[in-house]
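# Reading the structure
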Amino acid sequence: MDGFFNAMSASLVLLMLMSVGYFMGARGWMNASEKKFISKYIVNIAVPCNCLTGLLNNLDHDSLLEAGIMVAAALLGVLMTLLLSLVLATLLRLPRERWGVFVAMTAFSNTLFIGLPVSTQLFGDACVPYVMLYYLANTVFVQSVGFLLIERAGTKGRGSVTLSSFLKGVFAKPPILAVFFSLLLLTLDVGLPAPIMKWAGYISGSVSPLALIYCGFIIYELGLSNLRPSQLRQMKGLPTMLAARLVISPLICAGMCRLFGITGLAYQVFVVESALPVVSQVTVMAGDFGADDKYAATGATLSTLACFITIPVLMVLMG
């Protein structure tokens, strides 16, 4: 039971950090401008630094082939979850404005704002390379299939995804660029100067607390009133989404890891990353495209709160 209590303790710490963001929103100390600043800082500066320190400190030239196998396993796991989501949405006969939103919520996990702090709290900094590899696989689908699904569900379509927009959406992201830059350095078997690595280490230390404060503020924005039973009864499909996102998705990922021979810390990190809440971009894209953004917001809030119950259980099952 040590694993369960350690995971419960980690979850409590994470919830306490999220409560800071909720409290700051409730007191009016944080609003849309601060939210935008934190988001841009995390995605464009802190996470890339985290990628550099995590990958360069925990991988080496000889482990690159293994990293490629891990990305392939993660890609296949996300693809299988996506196919399951399409089947479930069809069986539920959801209306057009919710169909694509449901699939995106079910298929893609929040590997950055929730996944990185959750994994580092559970496994320590040694998990960062595996988080980044799973993030790479997840982002490929979010920026392509996720975009198309939510556009199809909305009323404000902006045109189909082209190859150039897909490549820009994936490979122009600073975290992805940092992953490839780090992999290039590992391939060449060279490192960065010590002052740069120390600077990156200081910056990367801000990722987890700020990401969780950001998520706490998001929950404040969405409003806990949306979780009242009378409101939830109008949200057909959300219980199915939660079961698929938090229970079935990690089972699929575990199967893919076994198939590709991935064990140890990488296996544990991948399974946890696949069992995370709805990816935050779904709510934003639903609002942009005229889909049911309240449906997306409610699903994101529910899955975020529920994951702090399911992840300790998952840690026990993984031993």
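So, a few notes on the structure that sits alongside this text. Position numbers for residues count from 1 along each chain, tracking the sequence in the order it is written. It should be noted that, the model being predicted, local features are given only for residues of pLDDT at least 70 and side-chain atom pairs only at 80 or more, the latter also being counted only at that level, while totals for whole chains, interfaces and linings use all residues. The basis for the side-chain values is all heavy atoms of the structure; hydrogens and waters are excluded.

To continue, consider the packing of helix α14 (residues 281-289) against helix α15 (residues 293-317). Note on method: axes are straight lines fitted to C-alpha atoms, helices fitted across the in-contact stretch only, with angles between N-to-C directions ranging 0 to 180 degrees. Each helix is a run of DSSP H or I of at least 4 residues and each strand a run of E of at least 2, with the numbering of both proceeding from the N terminus. Between α14 and α15, the shortest axis-to-axis distance is 8 Å and the interhelical angle comes to 170 degrees. With respect to their mutual orientation, α14 and α15 come out roughly antiparallel. Contacts between α14 and α15 involve V282, T283, A286 and G287 on the former and, on the latter, D293, A296, A297 and A300. Any residue outside Ala, Val, Leu, Ile, Met, Phe, Trp, Tyr, Cys, Pro, Asp, Glu, Lys and Arg is labelled polar, Gly included; the first ten of those are nonpolar and the last four are charged. Residues of the contact of α14 with α15, tallied by class, amount to five nonpolar, two polar and one charged. Working rule for angles: under 35 degrees goes down as roughly parallel, over 145 as roughly antiparallel, 65 to 115 as roughly perpendicular, anything else as oblique. Contact definition: two residues touch when any of their heavy atoms are within 4.5 Å.

To continue, consider the environment of Q268. Structurally, Q268 is set in helix α13 (residues 264-274). Between the C-alpha atoms of Q268 and M318, which are 50 residues apart in sequence, the distance is 7.2 Å. Apart from residues lying up to four places away in sequence, Q268 is in contact with F123 and M318.

Between helix α4 (residues 96-107) and helix α12 (residues 238-259), whose axes approach to 8 Å, the crossing angle comes to 25 degrees. Relative to α12, α4 is oriented roughly parallel. Facing α4, whose interface residues are F102, M105, T106 and A107, α12 presents L238, T240, M241, A244 and R245.

A word on the pattern of salt bridges. Any carboxyl oxygen of Asp or Glu within 4 Å of a side-chain nitrogen of Lys or Arg constitutes a salt bridge here. In the structure shown here, the tally under the stated rule is two salt bridges. Notably, a salt bridge pairs K35 with E221, separated by 2.9 Å at the nearest N-O pair. Taken together, the residues K35 in helix α2 (residues 32-58) and E221 in helix α10 (residues 207-222) connect sequence positions 186 residues apart. The class for E221 is partly exposed, based on a relative accessible area of 39%. A simple rule labels every residue: compare its accessible area, found with a 1.4 Å probe on the protein chains alone, to the largest value its type can have, and call it buried under 20%, exposed over 50%, or partly exposed in between.

Excluding any residue in a salt bridge, patches collect residues exceeding 30% relative accessible area, merging like charges within 9 Å and nonpolar Val, Leu, Ile, Met, Phe, Trp and Tyr side chains within 5 Å. In short, Shrake-Rupley with a 1.4 Å probe defines the accessible areas, and a residue's cover is counted only from the protein chains shown. A contiguous nonpolar patch, built from L65, I69, L259 and F260 and spanning about 400 Å² of accessible area, is present on the exposed surface. Summarising the element assignment, I69 is placed in helix α3 (residues 64-92).

With that settled, the discussion passes to the packing of aromatic side chains. Stacked, tilted and edge-to-face are the three classes applied to pairs of Phe, Tyr and Trp rings, where Trp contributes its six-membered ring and a pair requires centres within 6.5 Å; stacked means planes under 30 degrees apart, edge-to-face means over 60, and tilted covers the rest. Applying the stated rule across the entire model yields six aromatic pairs. For the pair F37 and Y41, a centre-to-centre distance of 6.3 Å together with 20 degrees between the ring planes defines the contact as stacked. Taken together, the residues F37 and Y41, both in helix α2 and four residues apart, mark about one turn of the helix. Ring geometry for F217 and Y220: centres 6.0 Å apart, planes at 35 degrees, overall tilted. Here Y220 and F217 lie together in helix α10, a separation of three residues that amounts to about one turn. Since its relative accessible area comes to 3%, F217 is described here as buried. For Y220, a relative accessible area of 32% corresponds to the partly exposed category.

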